[in-house]
Amino acid sequence: MKTSTKVAGFVLGLAAVFTLAVGAGALVGPENTTPDTPGDGVVPERDASVAGGSPAGLTATDNGYTFALDTADVDAGTQVPVHFHILDSDGQPVTRYIESHDKQLHLIAVRRDLTEYAHVHPVLDDTGTWTVPLDLDEAGTYRLFADFTPEGGKPLTLGADLQVAGHFDPRPLPPPTATTTVDGYTVTLDGVLVPDQASTMTATVLRDEHPVTDLQPYLGAYGHLVALRATDLGYLHVHPNGHPGDGITPAGPGIDFSVTTPSAGDYRLFLDFRHDGVVRTAEFTLTAGPAPSTGTDTTPAPDRHGH
Ligand SMILES: [Cu+2]
């Protein structure tokens, strides 16, 4: 069948470009730096909304696509069914997507005070309705990020708010810390976030103080790092340098990421990693300081008086 052949071509093309990018160590920055025209063999274009500009996820509509929640408010509870659509510029539900990291769409849900984080994978029906059960025991306003690539479009991350009714106890942003524990694992995030510059961050995973060297791939990577800017929940999704099975990337204890933060300020970072068959999330607060003012700036200042 012609259509499926074409789709297979797209997917193969995407896989090829993706592999090349990883091989060159170029998989840097947010997920939406993946190619916008998979299969064409063109050099991937970076999303201009990220490099040196705004992070993703700050709007519900971008590039003609809209993230529309069927219901914008629900009662607190466990496994609350959430339905939504991705609409095209004609208001029609999108039914065809290009897979990225094994999924057609990744949904991140986080309460706006940067607690209650979840990264889940909704199910699509053939009318274009996405459905996912979310644990929303804690009331408050949640930011939902839909991270996807529509067939024939570029990768996008759109954001929308979901109001969860009930008694709301906002919590302050946890103080900056580069080390955190989850389920007996201690994870340290080394490196310095510098606004507008790529910096290498290394997550090191210990279990009961022993280095973990048999991390398992989760959605095609040893780690998925989501960074949210504390002020507005601007969204960065970063994947590690290297990938499982490339012969050079170790399965821990260290996972290297190349992170470019869009501005100075506080960020909450969520690292998903898989070990012993369980995906866990380590959470950090880091502050991106001002760029170093001495010695490192090799960019000549623009000559405003030039004649
Ligand atoms: Cu995902």
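Bear in mind the structure is a predicted one, so any value in this text is a computation, not a measurement.

Let us now look at the overall build of the protein chain. Within the protein chain, the secondary structure is distributed over one helix and 20 strands. Residues classed as buried in the protein chain amount to 44% of the 307 residues present. Across the protein chain, contacts joining residues at least 24 apart in sequence account for 65% of those joining residues at least 6 apart. By element, 53% of the accessible surface of the protein chain is carried by carbon and sulfur atoms, the whole surface being about 14600 Å².

When you tally the buried positions in strand β16 (residues 224–229), you get six out of six residues, the bulk of the element. Of the two faces of β16, the one carrying H224, V226 and L228 and the one carrying L225, A227 and R229 are both buried. When β16 meets strand β19 (residues 265–275), the two strands line up antiparallel, connected through six bridges. Across the sheet, V226 pairs through a bridge with F270, a residue of β19. Inspection of the sheet shows β16 paired to strand β17 (residues 235–238) by four bridges, in the antiparallel sense. Across the sheet, residue L225 finds its bridge partner in β17, namely V238. What sits between the antiparallel neighbours β16 and β17 is a turn of five residues, in which L233 has the positive phi angle 60°.

This part is about the side chain of H101. With respect to the helices and strands, H101 occurs in the loop between β5 (97–98) and β6 (105–111). In this structure the side chain of H101 is engaged in a polar contact, spanning 3.5 Å, whose partner is the side chain of S100.

Time to look at the coordination of the copper ion. Taken together, the protein donors to the copper ion comprise H106 (ND1), H119 (NE2) and H121 (NE2), at separations of 1.7 to 2.0 Å. Judged by its relative accessible area of 12%, H119 is buried.

Below, the discussion takes up unusual backbone geometry. G252 connects to P253 through a cis peptide bond whose omega is 0°. Of note, P253 is situated in the loop between β17 and β18 (254–260). Backbone geometry places L114, a non-glycine residue, at a positive phi of 70°. By the element assignment, L114 lies in the loop between β6 and β7 (118–120).

As a further point, take the side chain of H239. With respect to the helices, strands and loops of the structure, H239 is situated in the loop between β17 and β18. Accessibility expressed as a relative area gives 3% for H239, which makes it buried. A polar atom in the side chain of H239 sits 3.0 Å from the side chain of H224. Engagement of the side chain of H239 in a polar contact is seen with the side chain of H237, the distance being 3.1 Å.

So, on to the sheet that holds strand β20 (residues 278–288). Taken together, the four strands give an open sheet; going across it, the order is β17-β16-β19-β20, and neighbouring strands pair in antiparallel fashion. Looking at which strands have only one partner, the edges of the open sheet turn out to be β17 and β20. Ignoring which end each strand starts from, the neighbouring axes of this sheet average 20° apart. Relative to β20, β19 is paired through 11 bridges, and the arrangement is antiparallel. Its bridge partner lying in β20, F273 is registered against R280.

Considering all chains together, one arrives at nine salt bridges under this definition. Between D183 and R280 there is a salt bridge whose closest N-O contact spans 3.0 Å. Remark: R280 occurs in strand β20 and D183 occurs in the loop between β12 (179–182) and β13 (185–190); sequence separation between them is 97 residues. Note that R229 and D232 form a salt bridge whose closest N and O atoms lie 2.8 Å from each other. Residue D232 is classed as partly exposed on the basis of its relative accessible area of 25%. The structure contains a network of salt bridges with shared partners spanning R112, R143 and D161.

As summarised here, the arrangement of the five strands in space is β1-β2-β4-β9-β8, forming an open sheet in which the pairing is antiparallel. Across the chains shown, the open sheet's two edge strands, defined by having one partner strand only, are β1 (61–62) and β8 (123–124).

Cut-off values and rules
- Residues numbered from 1 in each chain as written.
- Predicted model: local features only at pLDDT ≥ 70, side-chain atom pairs only at ≥ 80, totals over all residues.
- Heavy atoms only, no water.
- Helix = DSSP H or I, 4+ residues; strand = E, 2+ residues; numbered from the N terminus.
- Buried < 20%, exposed > 50% of the residue type's maximum accessible area, 1.4 Å probe, protein only.
- Contact = heavy atoms within 4.5 Å.
- Areas by Shrake-Rupley, 256 points an atom, 1.4 Å probe, with all protein chains shown as cover.
- Pairing = 2+ DSSP bridges.
- Polar contact = N/O pair within 3.5 Å; in protein donor to acceptor, adjacent residues only side chain to side chain.
- Donors = N, O, S within 2.8 Å, 3.2 Å for Na, K, Ca; no water.
- Axes fitted to C-alpha atoms, helices over the stretch in contact; angles between N-to-C directions.
- Salt bridge = Lys/Arg side-chain N within 4 Å of Asp/Glu carboxyl O.

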